[in-house]
Amino acid sequence: MSKVTFTQFFSAQHLSGTEANSSLASDISLMLGDIARACIRISKEVNKGALVGTMGSLESENVQGEVQKALDVITNDIFIECNQQSGLIAGMASEELDDPYVVPEQNRKQAKYLLSFDPLDGSSNVNVNISVGTIFSILPCPEGVIAPHLEDFFQAGTAQICAGYALYGTSTMLVITTGSGVNGFTLDNESNEFILTHPNLQIPIETKEFAINMSNYRFWEAPIQNYIDECLQGVEGRRDKDFNMRWVASMVAEVHRILIRGGIFMYPMDSKIKAKGGKLRLLYEANPMSFIVEQAGGGASTGRVRILDIKPKALHQRVPVILGSKSEVDLAEAYHKRK
Ligand code: AHM
Ligand code: MG
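Source: prediction; values computed, not measured. (Residues numbered from 1 in each chain as written. Chains lettered and ligands numbered in written order. Predicted model: local features only at pLDDT ≥ 70, side-chain atom pairs only at ≥ 80, totals over all residues. Heavy atoms only, no water.)

1. What about the overall build of the protein chain?
A count of helices and strands for the protein chain gives 8 helices and 17 strands. Taken over the C-alpha trace, the protein chain has a radius of gyration of 19 Å; the compact-globule value for 339 residues is 20 Å, and the two agree within 12%. C-alpha extents for the protein chain along the principal axes are approximately 60 × 50 × 45 Å. When the 339 residues of the protein chain are sorted by exposure, 57% land in the buried category. For the protein chain, the share of sequence-separated contacts (at least 6 apart) that also reach a separation of at least 24 residues comes to 65%. As presented, the protein chain carries roughly 14500 Å² of accessible surface, and 51% of it is formed by carbon and sulfur atoms. (Helix = DSSP H or I, 4+ residues; strand = E, 2+ residues; numbered from the N terminus. Rg over C-alpha atoms; globule rule 2.2 N^0.38 Å. Buried < 20%, exposed > 50% of the residue type's maximum accessible area, 1.4 Å probe, protein only. Contact = heavy atoms within 4.5 Å. Areas by Shrake-Rupley, 256 points an atom, 1.4 Å probe, with all protein chains shown as cover.)

What follows is the structure, encoded as structure tokens:
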């Protein structure tokens, strides 16, 4: 069987069969080409490991008070550089930038879209050689806006046109949705091309695997403690099955595992992070992952509301995240509704 490359799969011609209008299809095709090139460059940077001096921390902190690693800054610059070339993107929001980046005027004459991204998610894992990733989300730029402002990014996740992640693991993969299913591509390091390897990913409905940072147990709200208690009781409890647990501390790796073999991932509210609103960021972590998970037949919720329905109020807004196999997410929501 012949290989389908990323470029072929997302060619305007191929996409026009699935997208409602052909100009959107050709825009998506161009933008995804730039994103793929950025992710290939990031993959090579990450892969250099300790051979170059980029694994340490910098003196600087990002707007969220987190110490930046050299690779956080390098990958952020690569993502901006590659994605401002198409002329289609008016502005970008990044985990590593305090404010939105407005693309230089000569590059945004035809701009119709906004790009939000986390260039290197899970970067605390980078110097222990564990998988990290890049997460991105494309929104429409509001009509008539030429130089986007902060508020232009404040759109619910349901407005996303396209979302995806790159996983820099044992192989480099790109997983993408444009709103009609989820497809996974693996980087062929010899041809430098992504090849379709995981068409139409679907999350299994039933699961016996959960992912949560158990060390936060005493800080969680009662519904999450109850949900996890019952998982831990296994066959002896009301769930009537034994569960397995995983925690990579790299959201991209956890979501990828769930897409392949099912499961539930939670970074719920806890009393340590309550003032911040949660741990994970809505615009460039929770929303793109929720779009992908829903498109693969799963669910994504804060426990109280569907993540994709939240109207953002701040660029770096945080939310509790519960996502994965639909039946488990529904159950976790039901625990929140119990009196
Ligand atoms: P980051 O964007 O600063 O890397 O933080 C997000 C990461 C997620 O990938 C992961 O789920 C979580 O932080 C891990 O948190 P913890 O260190 O509490 O286990
Ligand atoms: Mg992150």
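There's plenty left to go through after this.
2. Some thoughts on the packing of helix α3 (residues 22-47) against helix α4 (residues 70-83)
Running from N to C, α3 and α4 point in directions that differ by 155 degrees, and their axes come no closer than 9 Å. By the angle class used here, α3 and α4 are roughly antiparallel. Between α3 and α4 the crossing geometry is right-handed. Within the contact between the two elements, α3 uses Met31, Asp34, Ile35, Ala38, Cys39, Arg41, Ile42, Glu45 and Val46 and α4 uses Leu71, Ile74, Thr75, Ile78, Phe79, Glu81, Cys82 and Asn83. (Axes fitted to C-alpha atoms, helices over the stretch in contact; angles between N-to-C directions. Parallel < 35°, antiparallel > 145°, perpendicular 65-115°, else oblique. Left-handed = near helix turned anticlockwise from the far one by under 90°.)

3. Digging into the coordination of the magnesium ion (ligand 2)
Note on the magnesium ion (ligand 2): its protein donors are Glu95 (OE), Asp118 (OD), Asp121 (OD) and Glu285 (OE). The metal-donor distances range over 1.8 to 2.6 Å. Each donor residue of the magnesium ion (ligand 2) lies on the same chain, and together they follow the pattern E-x22-D-x2-D-x163-E. Placement of glutamate 95 in the loop between β3 (89-94) and β4 (101-102) and of aspartate 121 in strand β5 (residues 113-121) is noted, with a sequence separation of 26 residues between them. Taking relative accessible area as the criterion, glutamate 95 reaches 7% and is therefore assigned buried. On the basis of relative accessibility, which here comes to 7%, the residue aspartate 121 falls in the buried class. (Donors = N, O, S within 2.8 Å, 3.2 Å for Na, K, Ca; no water.)

4. Comments concerning the sheet that holds strand β8 (residues 172-177)
To summarise the sheet geometry, strands pair through backbone hydrogen bonds and adopt either a parallel or an antiparallel arrangement. The 8 strands are arranged β4-β3-β5-β6-β7-β8-β9-β10 in an open sheet whose pairing can be described as mixed. Edge positions in the sheet fall to β4 and β10 (193-198), since each has one partner strand and no second. As defined by bridge partners, β3 adjoins β4 across 2 bridges and the pair is classed as antiparallel. Residue pairing in the sheet places glycine 91 in a bridge with valine 102 of β4. (Pairing = 2+ DSSP bridges.)

5. Side note on the pairing of β10
Pairing geometry for strand β9 (residues 182-188) and β10, over 5 bridges, is antiparallel. When the bridges of β10 are listed, leucine 187 appears paired with phenylalanine 194. Hairpin geometry of β9 and β10 is characterised by an intervening segment of 4 residues between the two adjacent antiparallel strands and by a positive phi of about 60 degrees at asparagine 192.

6. Quick notes on the pattern of salt bridges
Charged atoms that come close allow side chains of opposite charge to pair. For the coordinates displayed, the defined rule picks out 16 salt bridges. In this structure, glutamate 81 and arginine 41 form a salt bridge, with 3.3 Å as the shortest nitrogen-oxygen distance. Here the residue glutamate 81 occupies a position in helix α4, and arginine 41 occupies one in helix α3, the gap between them amounting to 40 residues. The partly exposed category is assigned to arginine 41, whose relative accessible area is 36%. As a salt-bridge pair, aspartate 309 and arginine 306 come within 3.1 Å of each other at their nearest N and O atoms. Each of Glu209, Glu254, Arg257 and Arg261 takes part in salt bridges that share partners, so that together they form one network. (Salt bridge = Lys/Arg side-chain N within 4 Å of Asp/Glu carboxyl O.)

7. Side note on α3
For α3, with 26 residues, the first-to-last C-alpha span of 37 Å sits near the 38 Å given by 1.5 Å per residue. Positive backbone phi, approximately 50 degrees, marks glycine 49, located one or two places after α3. (Expected span 1.5 Å × (residues − 1).)

8. Points about the nonpolar core
One finds Tyr165, Met251, Leu259, Phe265, Met289, Val321 and Leu323 to be the most contacted residues of the largest nonpolar core, which totals 42 residues. Contributing elements (two or more residues each) for this core: β3, β6 (132-140), β7 (162-168), β8, α6 (251-261), β13 (264-267), α7 (282-295) and β17 (321-324). The leading source of residues in this core is α7, at 7 residues. Viewed by domain, this core spans two of them, domain 1 (6-198) and domain 2 (209-337), each represented by three or more residues. The contacts of leucine 323, once residues within four sequence positions are left out, are Met251, Val255, Ile258, Gly263, Ile264, Phe265, Met289, Ser290, Val293, Gly299, Ala300 and Val329. Phe6, Leu24, Phe79 and Phe194 belong to the second-largest nonpolar core, a separate cluster that totals 40 residues. (Core = buried A, V, L, I, M, F, W, Y, C linked by side-chain atoms within 4.5 Å. Domains from an automatic or database assignment.)

9. Quick word on the domain arrangement of the protein chain
Segmentation of the protein chain into domains returns domain 1 (6-198) and domain 2 (209-337). Domain 1 and domain 2 are separated by 23 Å when their C-alpha centres are compared. In this assembly, 48 residues from domain 1 lie in contact with 33 residues from domain 2. Buried area between domain 1 and domain 2, both sides added, is near 2900 Å², and the carbon and sulfur share of it is 64%. For the interface between domain 1 and domain 2, the tally reads 1 salt bridge. For the salt bridge of arginine 281 with glutamate 95, the shortest nitrogen-to-oxygen distance reads 3.4 Å. Counting every contact that joins domain 1 to domain 2 gives 15 residue pairs in polar contact (both at pLDDT 80 or more). Of all the elements in the fold, those that place two or more residues in the side of domain 1 that touches domain 2 are β3, β5, β6, β7 and β8. (Buried area = accessible area lost by both parts, 1.4 Å probe. Polar contact = N/O pair within 3.5 Å; in protein donor to acceptor, adjacent residues only side chain to side chain.)

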